[in-house]
Amino acid sequence: MLNAILGLLAVITAGFSTVYVKDFKQHRDKNKNKIFKTGIFIGFITDFLDAIGVGSFATTTGILKLNKNINIPDKLLPGTLNVAHALPMIVQAFMSLNSISVDLLTLVSMILSAVIGSWIGAGIISKLPEKKVQLTMGVALVGTAILIVLGQVGLMPAGGNAMSLSGSKLVIGIVGNFILGALMTAGIGLYAPCMAMIALLGMNPKAAFPIMMGASAFVGPIASTKFVKEQAYEREVSMGITIGGVVGSILALLFVTNMPVYWLKWLVVAVVSYTAITMFKAALSKNEILEFEQIS
C-alpha cells in the first residue's frame, strides 16, 4: 500500500511539474533574473529549516516581506508559497515516509482529507481580494507563532503512544486535516497544527511526520496546479525557491539529524509576528482608503 501511495505521488508530481515548468517557460520575465537567483537562496534556507522541523511557509513569508528588492503583491503570497515549496515537500516525503510506521487507514484517510480541503481552499484563496488575503495570512501567521511558542515553553500536548486512530477519533482527525489542508493554501504550514491535533487525539507525536509530510506532498502539487492555472503566484521567485528548496531539503535530510533549533524557533516567532503585524496594517490601511473614497 505504501508503494502504491508513493507511486501515485510520483504520477501527481510529474503532472504538476509539467504544468509548472511549462507556465514558467512561457511567461518567464528575464528582467527578473535577480529575483530568481534570490529565490534560490531563500528556498535553500527555508526548506533546509523545514526538513529539520522549523517550517517553511512562515519563514518564507517573513523573508519575502523583509526583502525590499522583492515586491510581491500580498494577494499572490499564498499561491507563491504553495507553488514554490510543493516539490521540496515532495522530496522530503519520499525520503521520510518509509522511516516511521503509521496505520495505513489512518495515514491514507488523513492525507486524502487534506488533499480535498486544499483543492477547495485553493479555489477560494486564488479568487479572494488582496485585503482578505492579507487578513487571512495575518491570522494564519499569528496562529503559527502561537503554536511555536506553546511548543517552546512545553505547553503543547504530549500525546500518547498510539500509531493509529479509530472510531470518533479517526473522524475528528479526518475533519481536522481537511480544515488544515484548506488553511495550508492560505499560507499556514501544516506541520505545527497537525502535530498538535495528533497529540490531542492521543497519538505518538512522531506519527505527525509521515501524516504531515504525506499530506503536504499531495496537497502541494494539487493545490499548486490550481494556483498556476489561475496565474495566482509570482513565477520567478517561486521557481528559484523550488530549486534552492529541493537542494536544501536533500542536504538537511542526508546530513543533519539533531541540529539544535530552540533559539532559531524564537527568531522565527519574532519574524512571523512582525510579518503578521505588517499584513494587518496593510489590510487596515486599505480599509481606511476605501472608506475615504466612499465618503468623498
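Bear in mind the structure is a predicted one, so any value in this text is a computation, not a measurement.

A.B. asks: Outline the overall build of the protein chain, listing residues and values.
C.D. replies: Regarding its fold elements, the protein chain presents eleven helices and zero strands. Overall, the protein chain shows an N-to-C arrangement of helices and strands of α-α-α-α-α-α-α-α-α-α-α. Burial analysis of the protein chain (296 residues in total) assigns 52% to the buried set. Pairs at least 24 residues apart make up 88% of the contacts formed inside the protein chain by residues separated by at least 6 positions. Carbon and sulfur atoms form 68% of the exposed surface of the protein chain, whose accessible area is close to 13500 Å².

A.B. asks: So what about the layout of surface pockets? Which residues, and what values?
C.D. replies: Its boundaries defined by the atoms lining it, the largest pocket holds a volume of some 610 Å³. If you go around the largest pocket, you meet 33 residues; those closest to its centre are Gly53, Val54, Tyr191, Ala192 and Lys265. Breaking the lining of the largest pocket down by element, the ones donating at least two residues are helix H3 (57–66), helix H4 (77–96), helix H6 (130–152), helix H8 (191–200) and helix H9 (208–229). When residues of the lining of the largest pocket are assigned to their parent elements, the largest contribution, six residues, is made by H8. Across the lining of the largest pocket, the residue classes break down as 21 nonpolar, ten polar and two charged.

A.B. asks: Before we move on, can you summarise the UniProt feature "transmembrane region" (unreviewed entry) in the protein chain with the specific residues and values?
C.D. replies: Listed under "transmembrane region" (unreviewed entry) in the UniProt record, and renumbered for this structure, are residues 41–64, 104–125, 137–158, 170–201, 207–225, 237–257 and 263–284. Here residues 41–64 runs as 79% helix and 0% strand, with 12 Å between its end C-alpha atoms. Annotation note: span residues 104–125, helix share 100%, strand share 0%, distance between end C-alpha atoms 31 Å.

A.B. asks: So what's going on with the environment of Leu284? Residues and values would help.
C.D. replies: Positionally, Leu284 belongs in helix H11 (residues 262–295). Accessibility expressed as a relative area gives 48% for Leu284, which makes it partly exposed. Taking the C-alpha atoms as reference points, Leu284 and Gln134, separated by 150 residues in sequence, lie 9.3 Å from one another.

A.B. asks: How would you sum up H4? Please name residues and give values.
C.D. replies: Between its first and last C-alpha, H4 extends 27 Å over 20 residues, near the 28 Å set by a 1.5 Å rise per residue. Along H4, the sharpest kink reaches roughly 45°, centred on Ala86 and followed within four residues by the proline Pro88.

Parameters at a glance
- Residues numbered from 1 in each chain as written.
- Predicted model: local features only at pLDDT ≥ 70, side-chain atom pairs only at ≥ 80, totals over all residues.
- Heavy atoms only, no water.
- Helix = DSSP H or I, 4+ residues; strand = E, 2+ residues; numbered from the N terminus.
- Buried < 20%, exposed > 50% of the residue type's maximum accessible area, 1.4 Å probe, protein only.
- Contact = heavy atoms within 4.5 Å.
- Areas by Shrake-Rupley, 256 points an atom, 1.4 Å probe, with all protein chains shown as cover.
- 1 Å grid on protein atoms, 1.4 Å probe; cavity = no way out; pocket = protein on both sides within 12 Å on 5 of 7 lines; lining within 4 Å.
- Points joined across faces, edges and corners; volume = space filled by probe spheres on them.
- Nonpolar A, V, L, I, M, F, W, Y, C, P; charged D, E, K, R; others polar.
- UniProt positions renumbered as here; feature names shortened; annotations may be inferred.
- Expected span 1.5 Å × (residues − 1).
- Bend = angle between axes of the 7 residues up to and from the residue.

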